[in-house]
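Given next are the chains, with one letter for each unit.
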Amino acid sequence: MRKKVIAGNWKMNMLPNEAMDFIQKLTPLVKETENEVIICAPYTDLFYTILNAQDTNIKIGAQNMHFAEKGAYTGEISGKMLKSIGVEYVIIGHSERRQYFAETDETVNKKIKAAFENNLKPIVCVGETLEEREKGIAFDIITKQTRLALEGLSKENVKNTIIAYEPIWAIGTGKTATSEDANESIKKIREEISKIYGKDIAECVIILYGGSVKSSNAKELFNKSDIDGGLVGGASLDAEEFAKIVNF
Ligand code: PGA
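Report follows, based on the coordinates. (Residues numbered from 1 in each chain as written. Predicted model: local features only at pLDDT ≥ 70, side-chain atom pairs only at ≥ 80, totals over all residues. Heavy atoms only, no water.)

### Comments concerning the pattern of salt bridges
Reasoning step 1: Per the stated rule, a full pass over the model turns up 18 salt bridges.
Reasoning step 2: Salt-bridge contacts for Glu103 lead to Lys111; the nearest nitrogen and oxygen are separated by 3.0 Å. For the pair Glu103 and Lys111, a shared accessibility class is recorded, and that class is buried.
Reasoning step 3: In this structure, the salt-bridge partner of Arg147 is Glu192, at a minimum N-O distance of 3.0 Å. Of this pair, Arg147 sits in helix α7 (residues 138-150) while Glu192 sits in helix α9 (residues 179-197), and the two are 45 residues apart along the sequence. (Salt bridge = Lys/Arg side-chain N within 4 Å of Asp/Glu carboxyl O. Buried < 20%, exposed > 50% of the residue type's maximum accessible area, 1.4 Å probe, protein only. Helix = DSSP H or I, 4+ residues; strand = E, 2+ residues; numbered from the N terminus.)

Here is the structure:
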């Protein structure tokens, strides 16, 4: 049985005081859950959220990292830096990074490898645009992104990679993929992993759905056979709403 994972992606929101309030508010609301609870915070909140989440079941993640360990990369943060303050997870290849910050399948692959080298667990995003979906090539796009993201990883690392299937047309738009469609896409991703790394590995990989997840649709989505939880943007900014999603 794969564990359910609910990860909040705050994006570029929350000042440190707001972040600390949030963690304090969330802590009692999710303390009974068996699901993995992750908050992916902006860099400036990481240290504060980690301190506040100590001795709770809330894990902290970053939203991006550089693939190099250190060096002349002004403005960047390395996996080693994240690990040094106690970060456990890192989102890699979010569609907003692919769209606005020149993230490619190649940099995604390098970052995943660097994450594992630093004992960080990557949450890797894949997903098609509306245009690709309408052209009927959505499955080709997401399987290719998955293949390239995982290229050259050991089986053990593939097993420990979390994938988030996020159809771009569903992110921040209020439009959610139907639970059947999301499950079908996630099955395709799992099949692709199975072809390359074998069924045993594929069955262990946690694959999330992301794109306008809220408390009103979480249960329906997360109860599908292949959907192992969610990557939640907008609805993760409110502790009560996020807790309802965690406790779906
Ligand atoms: P959303 O964002 O829940 O606001 O659609 C999801 C994401 O971008 O990870």
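### Observations concerning helix α11 (residues 215-222)
Reasoning step 1: Listed in full, the buried residues belonging to α11 are Asn217, Ala218, Leu221 and Phe222. Viewed along the axis of α11, the buried residues span an arc of 120°, placing them on a single side of the element. Exposed side of α11, more than 90 degrees from the buried face: Ser216 and Lys219 are the residues found there.
Reasoning step 2: Of the surrounding secondary structure, the elements contacted by the buried residues of α11 are β1 (5-9), α9, β7 (206-210), β8 (229-232) and α12 (239-246). (Arc of directions from axis to C-beta. Contact = heavy atoms within 4.5 Å.)

### A closer look at the side chain of Arg2
Reasoning step 1: Among the structural elements, Arg2 can be located in the segment before β1.
Reasoning step 2: Classification of Arg2 by relative accessible area gives buried; the value is 18%.
Reasoning step 3: Among the polar contacts listed, one links the side chain of Arg2 to the backbone oxygen of Glu203, at a separation of 2.9 Å.
Reasoning step 4: A distance of 3.4 Å separates a polar side-chain atom of Arg2 from the backbone oxygen of Ser225.
Reasoning step 5: The residues touching Arg2, leaving out its near neighbours within four places in the chain, are Arg190, Glu203, Cys204, Val205, Ile206, Ser225, Asp226 and Asp228. (Polar contact = N/O pair within 3.5 Å; in protein donor to acceptor, adjacent residues only side chain to side chain.)

### Concerning α12
Reasoning step 1: Within α12, 6 of the 8 residues are buried, which leaves the element mostly enclosed by the surrounding structure.
Reasoning step 2: Within the sequence span of α12, burial applies to Ala239, Glu241, Phe242, Ala243, Ile245 and Val246.
Reasoning step 3: Residues of α12 that are buried make contact with β1, α1 (16-30), β2 (36-40), α11 and β8.
Reasoning step 4: If you check the start of α12, you find a side-chain oxygen 3.2 Å away from the backbone N of Glu240, and it comes from Asp238.

### Considerations on a nonpolar patch on the surface
Reasoning step 1: On the surface, Phe47, Tyr48 and Leu51 cluster together into a nonpolar patch covering about 290 Å² of accessible area.
Reasoning step 2: Tracing the chain through its elements places Phe47 in helix α2 (residues 43-53).
Reasoning step 3: You can call Phe47 partly exposed: its relative accessible area is 45%. (Patch = residues over 30% accessible without salt bridge, like charges linked within 9 Å, V, L, I, M, F, W, Y side chains within 5 Å. Areas by Shrake-Rupley, 256 points an atom, 1.4 Å probe, with all protein chains shown as cover.)

### As for the site of the ligand
Reasoning step 1: Taken together, 13 residues surround the ligand, and among them Lys11, His94, Glu166, Gly172 and Ser212 come closest.
Reasoning step 2: Within the side chain of Glu166, a nitrogen or oxygen atom sits 2.7 Å from an oxygen atom of the ligand.
Reasoning step 3: Contacts to the ligand include Gly233, whose backbone N or O atom sits 2.8 Å from an oxygen atom.
Reasoning step 4: Within the complex, 95% of the 280 Å² of free accessible area of the ligand lies under protein. (Near = heavy atom within 4 Å.)

### Side note on unusual backbone geometry
Reasoning step 1: Located in the positive-phi region is Lys11, a residue other than glycine, with phi close to 55°.
Reasoning step 2: Inspection of the secondary structure assignment puts Lys11 in the loop between β1 and α1.
Reasoning step 3: Positioned with a positive phi, Asn119 is a non-glycine residue whose angle comes to about 55°.
Reasoning step 4: Within the element layout of this structure, Asn119 appears in the loop between α5 (105-117) and β5 (121-126).

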